[in-house]
Amino acid sequence: MLDHPLNSLGFAKPPSQTRVVVAMSGGVDSSVVAAQLAEEGYDVVGVTLQLYDHGAALAKKGACCAGRDIHDARRVAETMGFPHYVLDYENTFREAVIDEFADAYLAGATPVPCIRCNERVKFKDLLATAKELEADCMATGHYIQRRMGDSGPELHCAADANRDQSYFLFSTTPEQLSYLRFPLGHLPSKAETRALAARYGLPVADKPDSQDICFVPNGNYAAVIEKLRPGAAEPGEIVDMEGRVLGSHRGVIHYTIGQRKGLGIGGLGDPVYVVRLDPDTRRVVVGPKEALSTRVIPVREINWLGDVPFASQSEWHVNVKVRSTRPPRPAVIRPLSATEAEVELLSPEDGVSAGQACVFYAPEGSRILGGGWIWRGR
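A.B. asks: Is there a simple way to think about the overall build of the protein in this case?
C.D. replies: Scanning the protein from terminus to terminus reveals eight helices and 17 strands. On C-alpha atoms alone, the protein measures out to a radius of gyration of 22 Å, which is about the 21 Å that the 2.2 N^0.38 rule sets for 378 residues. When its C-alpha atoms are laid out on the principal axes, the protein stretches across 75 × 50 × 35 Å. Here the protein, with 378 residues, has 52% of them falling under the buried criterion.

Spelled out as structure tokens, the structure:
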């Protein structure tokens, strides 16, 4: 056994003796991972999480983990001949993800629940379940790469920059990374994934990609928050940066930092943008575009993936991404502790918002060095 060459998942034993739990959302990506590993002869166990009300989910399209997606994951398992289980994680998901999402919006932040779901549900509770099933590792359909470095496994961006999910996976810990596998991260484009799905004869080969946060139908955040926190959408004033009242709004939860459209306060001459949300006074503060410029960002809850301790240097010269849709840009990180830092952008960024992630990238190459949460946008 010791002389056996490493298999494709990095274990010195035959695939048939290597058990892998595949986190299956019912979409094409995780389905291809499960099918590919099953074809290679691995002992595959598919697991799908039921994250919110199954009855409501059945009618929901355009998001992962809904009722139809559970059905699709089961069909893929039947097609490829491996066992599949559905786990009820509704209470866990509500406590770990949905409640914080609602509370963050009420506090004037712009949260990213998909990161918390990976961090607190998929890579924590589901990973623990995989170990209970005596799996050697857990595989997912995320577009990101795990590579072995001199100090152990490293996290790297996906080969396809358009599919890269590093922003949503920065909080993956070194311990989790040692157990996780991402078989799709090296593919040059999504077209290859769909080609594999077609080759395996999977019923989800042409299934559209999910677009929404799974528990937010049609991207209507405010409606979800009003349902979770009745009375959250109390009206208030729209004011300029000097406090002059310019109009009224129908609830702070309907606005985000950097928003320009839909303010309902025309006739001001120059365009204005939401520069601050003050939930305590129920005020939406607007100002000129230059007021959105931010250079220094306080970050906390840092997960560091570098080779030496985060606080072992007074400065780290890296690239950072402050929104999932924006490219990384040069910055200096100054650690305040093992989990807190001040990030200085070399050129100002507009619309930095509390509740978003600040993800750290090596200045050269594709390595992800971790990241943290922006806790005050200005």
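After presenting the structure, the write-up continues.
A.B. asks: In this structure, what is going on with the sheet that holds strand β10 (residues 273–278)? I would like to understand it.
C.D. replies: Strand order across the open sheet formed by four strands is β9-β8-β11-β10, with mixed pairing between neighbours. Lying at the two open borders of the sheet, with one neighbouring strand each, are β9 (245–249) and β10. Neighbouring strand axes in the sheet, compared pairwise and without regard to direction, differ in orientation by 30° on average. As paired elements, strand β8 (residues 236–239) and strand β11 (residues 283–287) share three bridges and run parallel to each other. Bridge pairing links Val 239 to Val 285 in β11.

A.B. asks: What's the story with the confidence of the model for the protein in this structure? I'm lost.
C.D. replies: If pLDDT is low for a region, its predicted coordinates should not be looked at in detail. The share of residues in the protein with pLDDT of 70 or more is 95%, and the mean pLDDT across the chain is 91. Here residues 54–65 is modelled with pLDDT under 50, and outside its nearest four sequence neighbours on either side it reaches 33 contacts, counting other chains as well.

A.B. asks: Sorry, what's going on with unusual backbone geometry here?
C.D. replies: When glycine is set aside, most residues are seen to have a negative phi, and most peptide bonds are trans. Phi is positive for Glu 134, close to 60°, though the residue is something other than glycine. Along the chain, Glu 134 falls in the loop between α5 (113–132) and β4 (137–139). Given a relative accessible area of 64%, Glu 134 falls into the exposed group.

A.B. asks: Just to check I follow, could you spell out the environment of Gln 36 for this structure?
C.D. replies: On the secondary structure map, Gln 36 appears in helix α1 (residues 28–39). Between the alpha carbons of Gln 36 and Met 80 there is a distance of 9.3 Å; along the sequence they are 44 residues apart. In this structure, Gln 36 is in contact with Pro 183, Leu 196 and Tyr 200, ignoring residues within four places of it in sequence.

A.B. asks: I keep staring at α5 and nothing clicks. Help me out?
C.D. replies: Owing to its 3.6 residues per turn, the α-helix aligns residues three or four sequence positions apart on the same side. Across its 20 residues, α5 extends 26 Å between first and last C-alpha, which sits within 8% of the 28 Å expected from 1.5 Å per residue. For α5, the principal kink sits at Lys 122 and spans about 25°.

A.B. asks: Just to check I follow, could you spell out the sheet that holds strand β7 (residues 180–181) for this structure?
C.D. replies: Sheets are built from strands that pair by backbone hydrogen bonding, the pairs being arranged parallel or antiparallel. The sheet built from five strands is open, its strands ordered β3-β2-β1-β4-β7 with parallel pairing. The open sheet terminates on both sides in strands that have one partner only, identified here as β3 (84–88) and β7. When β4 meets β7, the two strands line up parallel, connected through two bridges. Pairing of Ala 139 across the sheet is with Arg 181, part of β7.

A.B. asks: I'm lost on the pattern of salt bridges in this one. Help?
C.D. replies: Oppositely charged side chains can form a pair if their charged atoms are brought close together. Counted according to the given criterion, the structure contains 29 salt bridges. Note that Arg 94 is salt-bridged to Asp 99, the shortest N-O span being 3.3 Å. On the basis of relative accessibility, which here comes to 38%, the residue Arg 94 falls in the partly exposed class. Asp 99 gets classed as partly exposed once you look at its relative accessible area, which sits at 22%. Residue Asp 99 pairs with Arg 229 through a salt bridge whose shortest N-O separation is 3.6 Å. Of the two residues, Asp 99 sits in helix α4 (residues 90–106) while Arg 229 sits in the loop between α8 (221–228) and β8, which places them 130 residues apart along the sequence. Residues joined in a network through salt bridges with shared partners are Asp 29, Arg 163, Lys 190, Arg 194 and Asp 209.

A.B. asks: Can you help me understand the nonpolar core in this one?
C.D. replies: General note: in soluble globular proteins, nonpolar side chains tend to be found buried as a group. Counting residues in each nonpolar core, the largest one holds 51 residues, and the members touching the most others are Leu 51, Phe 93, Val 121, Met 138 and Phe 215. With sequence-adjacent residues up to four places away left out, Met 138 is seen in contact with Val 20, Val 21, Lys 122, Phe 123, Leu 126, Leu 127, Ala 130, Tyr 179, Leu 180 and Arg 181. Of all hydrophobic cores here, the second largest spans 29 residues; its members include Ala 73, Ala 77, Ala 158 and Ala 205.

A.B. asks: Would you mind going over the side chain of Ser 30 with me for this structure?
C.D. replies: Relative to the assigned elements, Ser 30 resides in helix α1. From its side chain, Ser 30 meets the backbone nitrogen of Ser 25 in a polar contact 3.0 Å long. With residues up to four places along the chain from it excluded, the contact list for Ser 30 reads Val 22, Ala 23, Met 24, Ser 25 and Gly 141.

Reading the values: rules and limits
- Residues numbered from 1 in each chain as written.
- Predicted model: local features only at pLDDT ≥ 70, side-chain atom pairs only at ≥ 80, totals over all residues.
- Heavy atoms only, no water.
- Helix = DSSP H or I, 4+ residues; strand = E, 2+ residues; numbered from the N terminus.
- Rg over C-alpha atoms; globule rule 2.2 N^0.38 Å.
- Buried < 20%, exposed > 50% of the residue type's maximum accessible area, 1.4 Å probe, protein only.
- Pairing = 2+ DSSP bridges.
- Axes fitted to C-alpha atoms, helices over the stretch in contact; angles between N-to-C directions.
- pLDDT = per-residue confidence, 0-100.
- Contact = heavy atoms within 4.5 Å.
- Expected span 1.5 Å × (residues − 1).
- Bend = angle between axes of the 7 residues up to and from the residue.
- Salt bridge = Lys/Arg side-chain N within 4 Å of Asp/Glu carboxyl O.
- Core = buried A, V, L, I, M, F, W, Y, C linked by side-chain atoms within 4.5 Å.
- Polar contact = N/O pair within 3.5 Å; in protein donor to acceptor, adjacent residues only side chain to side chain.

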